[in-house]
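# Descriptive analysis of the structure
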Amino acid sequence: MILTVTMNPSIDISYPLDRFVLDKVNRVKQVTKTPGGKGLNVTRVIHDLGGEVTATGVLGGFHGKFLAQQLDQEAITHDFTSIEGETRDSIAILHEGNQTEILEAGPTVSQAEQQTFLEKYQQLIKEAQLVTISGSLAKGLPSNFYQTLVKLAAEQQVRVLVDTSGESLKQVLAGEVKPYLIKPNLDELSDLLEKKLAIDRLAEITTALQQPIFQGIEWIVVSLGKAGALIKYQNECYQVEIPRIQVVNPVGSGDATIAGLAYGLSQDHDPKLIMKECMAAGMANALQVKTGHVDPADFHQLVKKINVKKLD
Ligand code: ATP
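Now for a quick tour of the structure. A quick note: this is a predicted structure, and the numbers were derived from the prediction, not measured.

This part is about the overall build of the protein chain. Each helix and strand counted, the protein chain has 10 helices and 15 strands in total. By the compact-globule yardstick of 20 Å for 312 residues, the protein chain fits well, its C-alpha radius of gyration being 19 Å. Taken along its principal axes, the extent of the C-alpha atoms in the protein chain is 55 × 45 × 35 Å. A burial count over the protein chain gives 54% of its 312 residues as buried. Of all intrachain contacts in the protein chain linking residues separated by at least 6 positions in sequence, the fraction that spans at least 24 positions is 67%. For the protein chain, the distance from the average site of its 30 positive side-chain charges to the average site of its 37 negative ones is 5 Å.

What follows is the structure, encoded as structure tokens:
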């Protein structure tokens, strides 16, 4: 199975409004509340694609119980560590073509809870083929926490796919044990390298990926939104071109991309097919209103329309 890790999950609340008026009462008719946090988006998309997946991380309080119930309803296997603090809400107000977000920081994880999670994680990776780690760390966890998770998995020969940014990405790359795959978008890669990279200067990106900090990472997937992706696999770089689609909601397409990668890798697919699958999953997510959800029929159709080009 694929093990997905979400250390700061949330209940994602969406408030669609015709007009959002500041300093007035705004009444919402159609509220949706879904399990969120990047790792849970990844989980749902793997499940949609028919992959075998177990979600882990930390959950707390009344919100945590609600989230676990929702996962049960979707028949998604989960095994979270319970914590004292209340799992957070993340609110997205959809108005006049805009998305205004209000994101809580989330609970603090104590030392003892961290230890309990690590013990569970070590049990779970014994059953796992692959691990995905996504999103931000909860308060209380050290910034090298993901490095610890990568190392523990590597000790059991389990490959780890990491999708994070900022300090936790820097820390993961600084460790002696490297993740199997990372998926920065262009902004995240630019931040990491402290250099402004652009889609119209692909050669600069491929050169940047040769830097020593990336050595030992089998897959580097630089996702480029509607422009597809630039992928370094082993020692070669590939440009993945995607067709234009009628986008409904692209939020979570990066998470769907990770799900497509995990799915393809877990099925031992050919690397070029995996490159197509991860793009198709990101695109199929962008065709849905619900964040972190794909229709497998869209996915299979889109795979056929994607072109992988090896770069010199
Ligand atoms: P997010 O943070 O919203 O999860 P991201 O910035 O990590 O996204 P993107 O590069 O925006 O990731 O998107 C990942 C993949 O999803 C793209 O490589 C592409 O395959 C697909 N995708 C995203 N946006 C679009 C779009 N507007 N049109 C077509 N495909 C898209």
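Turning to the site of the ligand, a few remarks are in order. Surrounding the ligand, one finds 21 residues, the nearest of these being Asn185, Ser223, Gly225, Gly228 and Gly254. A distance of 2.8 Å separates an oxygen atom of the ligand from a polar atom in the backbone of glycine 225. One of the backbone N or O atoms of glycine 254 is found 2.9 Å from an oxygen atom in the ligand. For the ligand, whose accessible area on its own is 630 Å², the fraction buried by protein is 82%. Listing elements by their share of the shell around the ligand, those giving two or more residues are helix 8 (253–266) and helix 9 (271–286). The greatest single-element share of the shell around the ligand, amounting to 4 residues, is contributed by helix 8. Per-class residue counts for the shell around the ligand are 8 nonpolar, 9 polar and 4 charged.

Using the criterion set out here, one finds 7 salt bridges in the structure. Salt-bridge contacts for glutamate 204 lead to arginine 201; the nearest nitrogen and oxygen are separated by 3.0 Å. One continuous salt-bridge network, built from bridges that share partners, spans Lys38, Asp163 and Asp255.

One finds Tyr121, Val131 and Phe214 to be the most contacted residues of the largest nonpolar core, which totals 48 residues. Considering each element in turn, this core owes the most residues, 6 residues, to helix 4 (residues 145–155). Residue contacts for tyrosine 121: discarding those within four places in its chain leaves Leu3, Val5, Val131, Leu149, Leu152 and Ala153. In this structure, Ile2, Met279, Ala284 and Phe299 belong to the second largest nonpolar core, which totals 39 residues.

Right, let's talk about helix 10 (residues 296–303) for a bit. Where helix 10 is concerned, the buried positions are Phe299, Leu302 and Val303. The buried side chains of helix 10 occupy one side of the element, clustering within an arc of 100° when seen end-on. Among the structural elements, helix 9 are those in contact with the buried residues of helix 10. Of the residues flanking the start of helix 10, the one acting as N-cap is aspartate 295, its side-chain oxygen 2.9 Å from the backbone nitrogen of alanine 297.

Taken in spatial order, the 4 strands make up an open sheet running 3-2-7-8, and their pairing is mixed. Both edges of this open sheet fall to strand 3 (32–36) and strand 8 (98–103), since each of them pairs with a single strand only. Put simply, the sheet's adjacent strands are angled 25° from each other on average, direction ignored. The strands touched by helix 2 (residues 61–73) are strand 2 (10–17), strand 3 and strand 7 (88–95); relative to strand 3, the strand with the most contacts, the crossing angle is about 90°.

Moving on, we get to the packing of helix 8 against helix 9. The interhelical angle for the contact between helix 8 and helix 9, taken along N-to-C directions, is 145°, at an axis separation of 7 Å. Once helix 8 is placed against helix 9, the crossing between them reads as right-handed. Listed contacts from helix 9 to Ser253, Ala256, Thr257, Gly260, Leu261, Tyr263, Gly264 and Leu265 of helix 8 are Ile274, Glu277, Cys278, Met279, Ala281, Gly282, Asn285 and Ala286. Residues belonging to the contact of helix 8 with helix 9 are distributed by class as follows: 9 nonpolar, 6 polar and 1 charged.

Okay, the side chain of glutamine 70 next. If you trace the backbone, glutamine 70 turns up in helix 2. Relative accessible area serves as the criterion here: at 16%, glutamine 70 is assigned to the buried category. Discounting chain neighbours no more than four positions away, the residues touching glutamine 70 are Lys33 and Pro35.

Our next topic: helix 1 (residues 38–48). Burial of helix 1 is extensive: 9 of the 11 residues sit out of reach of the surface. Among the residues of helix 1, those classed as buried are Gly39, Leu40, Asn41, Val42, Thr43, Arg44, Val45, Ile46 and Asp48. Of the residues one or two after helix 1, glycine 50 is the one with positive phi, at around 90°.

The rules behind the values
- Residues numbered from 1 in each chain as written.
- Predicted model: local features only at pLDDT ≥ 70, side-chain atom pairs only at ≥ 80, totals over all residues.
- Heavy atoms only, no water.
- Helix = DSSP H or I, 4+ residues; strand = E, 2+ residues; numbered from the N terminus.
- Rg over C-alpha atoms; globule rule 2.2 N^0.38 Å.
- Buried < 20%, exposed > 50% of the residue type's maximum accessible area, 1.4 Å probe, protein only.
- Contact = heavy atoms within 4.5 Å.
- Lys, Arg positive; Asp, Glu negative; His and termini not counted.
- Charge placed at Lys NZ, Arg CZ, Asp CG, Glu CD.
- Near = heavy atom within 4 Å.
- Polar contact = N/O pair within 3.5 Å; in protein donor to acceptor, adjacent residues only side chain to side chain.
- Areas by Shrake-Rupley, 256 points an atom, 1.4 Å probe, with all protein chains shown as cover.
- Nonpolar A, V, L, I, M, F, W, Y, C, P; charged D, E, K, R; others polar.
- Salt bridge = Lys/Arg side-chain N within 4 Å of Asp/Glu carboxyl O.
- Core = buried A, V, L, I, M, F, W, Y, C linked by side-chain atoms within 4.5 Å.
- Arc of directions from axis to C-beta.
- Pairing = 2+ DSSP bridges.
- Axes fitted to C-alpha atoms, helices over the stretch in contact; angles between N-to-C directions.
- Left-handed = near helix turned anticlockwise from the far one by under 90°.

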